[in-house]
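Chain by chain, the residues:
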There are 2 protein chains.
Amino acid sequence: MSSTEASNNSGVNGTEAASSRSLLRRIVDFLDEADWSFKKDKDRPIVKFISPDSLMSEYAEMLGLPDKPVPEDVLLDNLKTVYDLSVTSNHPRFYNQLFGRVHEESVVGSLLTDAINASIYTYEVAPVFTVMERLAMQQFLELFGFKNGEGVCTPGGSIGNMYAISLAKSAVFPDARRLGLAAMPPAKIYVSMESHYSMVKGASFMGFGENAVVKVATDEHGRMKVDALREHIKSDTENVANVCQEFNVWLHVDGCLGGSAILSESRRHLLDGCQRADSLTWNPHKMLGVNLQCSLLLTRHSGALQRAHGTQAAYLFQQDKFYPPQFDIGDKVIQCGRKVDVLKLWAVWRGLGKSGLGDLVDRKFTLAKQLANLIAQRQKTDGSFELIAEPESTNVLFWYIPPALRGQPADWSKRDDSWWRQMDAVAPLLKKRMTLDGSMLIGYQKCAASKNINCWRMVCSQDTNSEQDMERIVGEFCRFGEDISV
Amino acid sequence: MSSTEASNNSGVNGTEAASSRSLLRRIVDFLDEADWSFKKDKDRPIVKFISPDSLMSEYAEMLGLPDKPVPEDVLLDNLKTVYDLSVTSNHPRFYNQLFGRVHEESVVGSLLTDAINASIYTYEVAPVFTVMERLAMQQFLELFGFKNGEGVCTPGGSIGNMYAISLAKSAVFPDARRLGLAAMPPAKIYVSMESHYSMVKGASFMGFGENAVVKVATDEHGRMKVDALREHIKSDTENVANVCQEFNVWLHVDGCLGGSAILSESRRHLLDGCQRADSLTWNPHKMLGVNLQCSLLLTRHSGALQRAHGTQAAYLFQQDKFYPPQFDIGDKVIQCGRKVDVLKLWAVWRGLGKSGLGDLVDRKFTLAKQLANLIAQRQKTDGSFELIAEPESTNVLFWYIPPALRGQPADWSKRDDSWWRQMDAVAPLLKKRMTLDGSMLIGYQKCAASKNINCWRMVCSQDTNSEQDMERIVGEFCRFGEDISV
């Protein structure tokens, strides 16, 4: 194609016609060509791993922030390189975290959010978004069974969990806002042994101290033992006076991952009782294919957010405005400027409907069950895998056992220390192999349920997957692990 | 154009050819048509104001989250309506907040970030981004004159300021992480009377209590009076034992707005001395035309972030990884999942260069000076305006004085109470008029420098503006205010 033809045909996807097109159009062309949402090629590698040192030396110029601008063509090439070197959660074998493929509706919602570039604090600068967040929260409160209350989007689930601590503090110790924690009776934060680390971070960041967090034992499914909780609170309250005044204990549900089950008719019962919680966090960016970050906190106590966080900044929340000041929602949060996270959720919800989102959730739960079944089957037939627990959600905990380590007794207490030590070394080695191969990414960790031995925690977040994909995963483990000796 | 022609020419910008195009391309087409970056029409209204109640009733269906999906064409129409009803910071007369027009490079960086959808905690899932943030922070530390240290992007400047409080706590009271604030000697947080409200929010959220914040008096330019600070600390330390151990006082600089002056050769001297601070917050999303949110915190104390916030979550920060674990930067922050905010900054920086960004900063400072001059001129000639202080930065504080209230003595103490009361009512009324007219948006507020009387705080964030635009603004005030009687 000659350059004359190209310029006469500025809408064509080719790069030759690129010079007359905006950078935005050119990056969209590139994303299309690169098949960013894996519509065509599901078999390409998930990562072309290079070490941090190599990355920094091989791409030093590109990674730098120069004094003089680079030409647009160079910038575009740079952006393409960033894409090529990156790991995307859209890859059908990305199981490394709690999230997976994002919907095009979400990316579109994000793009519009960024082109508008509004901060969601006052109605005057974010009329649609403040109202949209407010209405969405009302709908979510209803969904989770809170009769009253309010909610806000938070920058991630960890900070959402900290909000819950903040609301509890404000409810139990209203004077703490002014006087600080030192003037209050000591407080305790009871969490499950398997709870997210944000509770410990929050306790520390917010001045309670990590020692204020009581980790309550869990059963073999990872669920908090209610008797143990009762014992803890009983023995603590003998020492901790006046702690449980008005609210006794503030009950917070961390539904960051599991909260999405509320959208599934067949699985919403898993959340029965959450309507009795004082607050709840939920991350649509985890199970629903909404872009990072989309997290929200709900509380059934209307006005609690303002009581806990309001300062009525003079330059934003003027009370002499000509519209009702309660539409300025920005004083409820701990930020000032706040990125709009609700538009992409709204776009995904409208594009798929609650029914479509519920189907997605069901598919992910079903995939987890199918994976667990395949693993249990292997456990029975050739002992190459071991299922650590029946899945309660979309994550599956299991071991891959290399040939040399198979054939142990079913009773864990009858396996010797050296075997556990060897098993502990399997996952890091296998992770290295899968990463360098680039075929898939799956997370591993030590946890109480795995006797603090490294095990695989595979989160079935990829809604385009089928049972065949789960079989493929199982096969990949065997391919990478067959000759492992540790 | 017939529909056959249209479908044969799928790259064309028209909506007729839309059905075969992806939603992403269709929204880009729309943004182009809508002239989202104001390349063509600078005269259209900034807002078509409707009241919250009308918005909610007129657009109830659109704002809702339905059970069944809506067709893609409906969703696209909805997105267009959202755009039409929204206020965008790209409008050349948006002066309502500290930020203005965003660069196309930034929107492109955001789009790529969202298409990739990586969480920036570990190298394995965000190799380019973890390294890019790390290198950018090293460069920024150098820029601000910190010889060592580290930095991270934070979700907004308020949370960045809270990080500074957290680092100070960790440095002065290393045991507070474990034991909580109640076990520590009482602490004080000294801020300027005019400091951002996030310091008070942070003190409350983080358990110190609002009473721990000491607001130090400011001079007529809004700068903290150093003598007053010395007096405060002296009298407090008589009562507050052991507070100032290792670090004496942790010095934090809130450079969220003003930090960008570091990029201007002629104005970087305004930040002389900041290299002696322990920590500094800076929001490139304010003066540099980067999308919300792009905020960062720098500290000259290497390892301070990990000491303050690290918990080494087992499922993310495994120490037995096959690459150096220090490249997993996620344990330094209080979030877990964290949106990538660095790519858009990197794209803007490469696209404009440090020199181009410095020019932008200069232009904004110059605009503020030009506006102040115009106002001072009016003050002298017809008394229609009054400049409250010579601008120290890009924001200008002034009053518009309606004809009925002009001709007061220069000495503020000689103006009577009823005059001040009337002046206080002018800004809200004028703001209503400008909003309903849709020609511009400018913030007003009460502050110490304005005797707690509502005044205009216009932030010259629009880099496409010229002195003529400032003249136009002044003219608009007169147009809206000529017949005001309060």
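Note that the structure is predicted; figures quoted are calculated from it, not measured.

Visitor: Outline the overall build of chain A, listing residues and values.
Guide: Within chain A one finds 16 helices and 11 strands. Computed over the C-alpha atoms, the radius of gyration of chain A is 25 Å, within 12% of the 23 Å expected from 2.2 N^0.38 for a compact globule of 486 residues. Dimensions of chain A along its principal axes, counting C-alpha atoms only, are 80 × 75 × 45 Å. By residue count, 62% of the 486 residues in chain A fall in the buried class. Within chain A, contacts between residues at least 6 apart in sequence are counted, and of these 69% link residues at least 24 apart. For chain A, the exposed area adds up to about 17800 Å²; of that, 49% sits on carbon and sulfur atoms.

Visitor: Can you tell me about the packing of helix H14 (residues 342-381) of chain A against helix H16 (residues 467-481) of chain A, naming the residues and giving the values?
Guide: All names here are of chain A. Packing of H14 against H16 leaves a shortest axis separation of 9 Å and a crossing angle of 40°. In this view, H14 runs oblique relative to H16, as classed from their interaxial angle. When you trace H14 past H16, the crossing you get is right-handed. The residues of H16 that touch H14, namely those facing Leu 367, Gln 370, Leu 371, Leu 374 and Arg 378, are Glu 467, Met 470, Glu 471, Val 474 and Cys 478. Of the residues assigned to the contact of H14 with H16, the class counts are six nonpolar, one polar and three charged.

Visitor: Please provide a residue-by-residue account of the environment of A:Met193, values included.
Guide: Residues and elements named next belong to chain A. Position of Met 193 among the secondary structure elements: in the loop between strand S3 (189-192) and helix H10 (198-205). By relative accessible area, which is 39% here, Met 193 ends up partly exposed. The spatial distance from the C-alpha of Met 193 to the C-alpha of Ile 375 is 26 Å, given a sequence separation of 182 residues. The residues touching Met 193, leaving out its near neighbours within four places in the chain, are Lys 215, Val 216, Ala 217 and Thr 218.

Visitor: Summarise the relation of the copies chain B and chain A; cite the residues concerned and give the values.
Guide: Superposition record for chain B on chain A: RMSD 0.0 Å, screw rotation 180°, translation along axis 0.0 Å. Viewed as a symmetry operation, the transformation between the two copies matches a two-fold axis. Mapped onto chain A, 100% of the interface residues of chain B again fall at the interface, so both copies present the same surface.

Visitor: Outline the interface of chain B and chain A, listing residues and values.
Guide: Where interface size is quoted, it is often the accessible area lost as the parts come together. In this complex, chain B contributes 144 residues to the contact, which on the side of chain A involves 144 residues. Contact between chain B and chain A buries roughly 13400 Å² in total, counting both sides, with carbon and sulfur atoms accounting for 62%. Considering only the side of chain B, the residues that lose the most area to chain A are B:Leu65, B:Phe205 and B:Arg350, jointly responsible for 7% of the buried surface there. In this structure, the connection of chain B to chain A is made through 12 salt bridges. Inspection of the chain B/chain A interface yields 81 residue pairs in polar contact (both at pLDDT 80 or more). By residue class, the composition of the side of chain B that touches chain A is 80 nonpolar, 38 polar and 26 charged.

Visitor: So what about the sheet that holds strand S6 (residues 279-282) of chain A? Which residues, and what values?
Guide: Residues and elements named next belong to chain A. Taken in spatial order, the four strands of this open sheet run S2-S7-S6-S5, and their pairing is mixed. The sheet is open, and its two edges are formed by strand S2 (150-154) and strand S5 (252-254), each paired on a single side. Along the sheet, successive strands turn relative to each other by an average axial angle of 15°, direction set aside. Of the strand pairs in this sheet, S6 and strand S7 (residues 295-299) are connected by four bridges, and their pairing is antiparallel. The residue of S7 that forms the bridge with Trp 282 is Leu 296.

Visitor: Provide a residue-level description of helix H5 (residues 72-85) of chain B, including the pertinent values.
Guide: Between its terminal C-alpha atoms H5(B) stretches 20 Å, which fits the 20 Å expected from 14 residues at 1.5 Å a residue. Within H5(B), burial applies to B:Leu75, B:Leu76, B:Asn78, B:Leu79, B:Lys80, B:Val82, B:Tyr83 and B:Leu85. On the buried face of H5(B), the contacting elements are helix H6 (104-116), helix H7 (127-143) and H14 of chain A together with helix H2 (23-33), helix H3 (52-58) and helix H4 (60-63) of chain B.

Visitor: Please provide a residue-by-residue account of the sheet that holds strand S2 (residues 150-154) of chain B, values included.
Guide: Within a sheet, adjacent strands bond to each other through the backbone by hydrogen bonds, running parallel or antiparallel. Residue and element names in this part refer to chain B. Across the sheet, which stays open at both edges, the four strands sit in the order S2-S7-S6-S5 with mixed pairing between neighbours. Both edges of this open sheet fall to S2 and strand S5 (252-254), since each of them pairs with a single strand only. Put simply, the sheet's adjacent strands are angled 15° from each other on average, direction ignored. As judged from the three bridges shared by S5 and strand S6 (residues 279-282), these two strands associate in the parallel manner. When the sheet's bridge partners are listed, Val 253 is paired in S6 with Leu 280. Against the sheet, helix H8 (residues 157-172) makes contact with S2, S5, S6 and strand S7 (295-299), and its axis sits at roughly 20° relative to S7, the strand it touches most.

Visitor: Requested: an account of the pattern of salt bridges, with residues and values cited.
Guide: Following the criterion strictly, the structure yields 66 salt bridges over all chains and no others. Between A:Arg338 and A:Glu133 there is a salt bridge, and its shortest N-O distance comes to 2.9 Å. Placement of the pair is A:Arg338 in the loop between helix H13 (304-309) and H14 and A:Glu133 in helix H7, with a sequence separation of 205 residues. With its nearest N and O atoms 2.6 Å apart, the salt bridge here joins B:Asp114 to B:Lys339.

Visitor: Break down the confidence of the model for chain A for me, with residues and values.
Guide: Residues and elements named next belong to chain A. Averaged over all residues, the pLDDT of chain A is 89; the fraction at 70 or higher stands at 94%. Mean pLDDT across the elements of chain A ranges from a minimum in helix H1 (residues 3-7), with 37, to a maximum in strand S8 (residues 385-387), with 98. Confidence drops under a pLDDT of 50 for residues 1-18, and excluding neighbours within four residues, the segment shows 17 contacts in the predicted structure. A low-confidence stretch, residues 241-247 (pLDDT under 50), is modelled with 13 contacts involving residues beyond four sequence positions or located in other chains.

Visitor: Provide a residue-level description of the nonpolar core, including the pertinent values.
Guide: Membership of the largest hydrophobic core comes to 183 residues, with the highest contact counts inside it found for A:Phe140, A:Trp346, B:Phe140 and B:Trp346. Among all residues touching B:Trp346, those that are not within four sequence positions of it are A:Met62, A:Leu63, A:Gly64, A:Leu65, A:Leu75, A:Asn78, A:Leu79, A:Val82 and B:Met132. Counting residues in each nonpolar core, the second largest holds 59 residues, with A:Val191, B:Met162, B:Ile189 and B:Phe208 among its members.

Visitor: Could you give an account of the UniProt feature "modified residue: N6-(pyridoxal phosphate)lysine" (unreviewed entry) in chain A, with specific residues and numbers?
Guide: Residues and elements named next belong to chain A. With numbering matched to this structure, UniProt assigns "modified residue: N6-(pyridoxal phosphate)lysine" (unreviewed entry) to Lys 286. Relative to the elements of secondary structure, Lys 286 occurs in helix H12 (residues 284-287). Every residue in contact with Lys 286, bar those within four places of it in the chain, is listed here: Leu 98, Phe 99, Gly 100, Cys 256 and Leu 257.

Visitor: Let's hear about the domain arrangement of chain A: which residues, and what values?
Guide: All names here are of chain A. According to the domain assignment, chain A contains domain 1 (25-47 + 87-102 + 353-485) and domain 2 (119-339). Every contact between the two is made by 22 residues of domain 1 and, on the other side, 22 residues of domain 2. Summed over both sides, the interface between domain 1 and domain 2 buries roughly 1900 Å², with carbon and sulfur atoms accounting for 63% of that surface. Counting the contacts that link domain 1 with domain 2 gives two salt bridges. Counting the contacts that link domain 1 with domain 2 gives five residue pairs in polar contact (both at pLDDT 80 or more). Taken together, the residues of the side of domain 1 that touches domain 2 sort by class into 11 nonpolar, five polar and six charged.

Visitor: Explain the environment of B:Ala168 to me, and be specific about the residues and the numbers.
Guide: All names here are of chain B. Tracing the backbone shows Ala 168 in helix H8. By relative accessible area, Ala 168 is classed as buried at 14%. Between the C-alpha atoms of Ala 168 and Leu 345, which are 177 residues apart in sequence, the distance is 27 Å. Leaving out residues up to four positions away in the same chain, Ala 168 has contacts with Phe 173 and Trp 250.

Visitor: Mind laying out the packing of aromatic side chains, listing which residues take part and the relevant values?
Guide: Residue and element names in this part refer to chain B. In this structure the tally under the stated criterion is 46 aromatic pairs over all chains. Taking 5.1 Å as the distance between ring centres and 80° as the angle between the ring planes, the aromatic pair formed by Phe 140 and Trp 282 counts as edge-to-face. Taken together, the positions of Phe 140 in helix H7 (residues 127-143) and Trp 282 in strand S6 put the pair 142 residues apart, joining distant regions of the chain. Its guanidinium or amino end placed over the ring of Phe 327, Arg 134 lies 4.4 Å from that ring's centre, counting from NZ or CZ.

Visitor: So what about the pairing of strand S3 (residues 189-192) of chain B? Which residues, and what values?
Guide: Residues and elements named next belong to chain B. Covered by surrounding structure in S3 are Ile 189 and Val 191 together with Tyr 190 and Ser 192, the residues of both alternating faces. Sheet topology places S3 next to strand S4 (residues 213-216); four bridges connect them, and they run parallel. Paired with Ile 189 across the strands is Val 213, a residue of S4. Where the polypeptide runs from S3 across helix H10 (residues 198-205) and back to S4, its parallel neighbour, the crossover connection is right-handed.

Visitor: Quick rundown of the side chain of A:Ser260? Include the residues and the values.
Guide: Residues and elements named next belong to chain A. Of note, Ser 260 is situated in the loop between S5 and S6. There is a polar contact of 2.9 Å between the side chain of Ser 260 and the side chain of Trp 282. Once residues lying within four places of it in the same chain are set aside, the contact partners of Ser 260 are Trp 282, Met 287, Leu 288 and Val 361.

Visitor: Give me unusual backbone geometry: which residues, what numbers.
Guide: Cis geometry is found at the peptide bond from A:Leu292 to A:Gln293, where omega equals -10°. One non-glycine residue with positive phi stands out, namely B:Phe38, at about 55°. Looking at the element boundaries, B:Phe38 is found in the loop between H2 and H3. The class for B:Phe38 is buried, based on a relative accessible area of 6%.

Calculation notes
- Residues numbered from 1 in each chain as written.
- Chains lettered and ligands numbered in written order.
- Predicted model: local features only at pLDDT ≥ 70, side-chain atom pairs only at ≥ 80, totals over all residues.
- Heavy atoms only, no water.
- Helix = DSSP H or I, 4+ residues; strand = E, 2+ residues; numbered from the N terminus.
- Rg over C-alpha atoms; globule rule 2.2 N^0.38 Å.
- Buried < 20%, exposed > 50% of the residue type's maximum accessible area, 1.4 Å probe, protein only.
- Contact = heavy atoms within 4.5 Å.
- Areas by Shrake-Rupley, 256 points an atom, 1.4 Å probe, with all protein chains shown as cover.
- Axes fitted to C-alpha atoms, helices over the stretch in contact; angles between N-to-C directions.
- Parallel < 35°, antiparallel > 145°, perpendicular 65-115°, else oblique.
- Left-handed = near helix turned anticlockwise from the far one by under 90°.
- Nonpolar A, V, L, I, M, F, W, Y, C, P; charged D, E, K, R; others polar.
- Least-squares fit on C-alpha atoms with pLDDT ≥ 70 in both.
- Buried area = accessible area lost by both parts, 1.4 Å probe.
- Salt bridge = Lys/Arg side-chain N within 4 Å of Asp/Glu carboxyl O.
- Polar contact = N/O pair within 3.5 Å; in protein donor to acceptor, adjacent residues only side chain to side chain.
- Pairing = 2+ DSSP bridges.
- Expected span 1.5 Å × (residues − 1).
- pLDDT = per-residue confidence, 0-100.
- Core = buried A, V, L, I, M, F, W, Y, C linked by side-chain atoms within 4.5 Å.
- UniProt positions renumbered as here; feature names shortened; annotations may be inferred.
- Domains from an automatic or database assignment.
- Phe/Tyr/Trp six-rings, centres within 6.5 Å; stacked < 30°, edge-to-face > 60°.
- Lys NZ or Arg CZ within 6 Å of the ring centre and 35° of its normal.
- Right-handed = clockwise from strand over helix to strand, strands pointing away.

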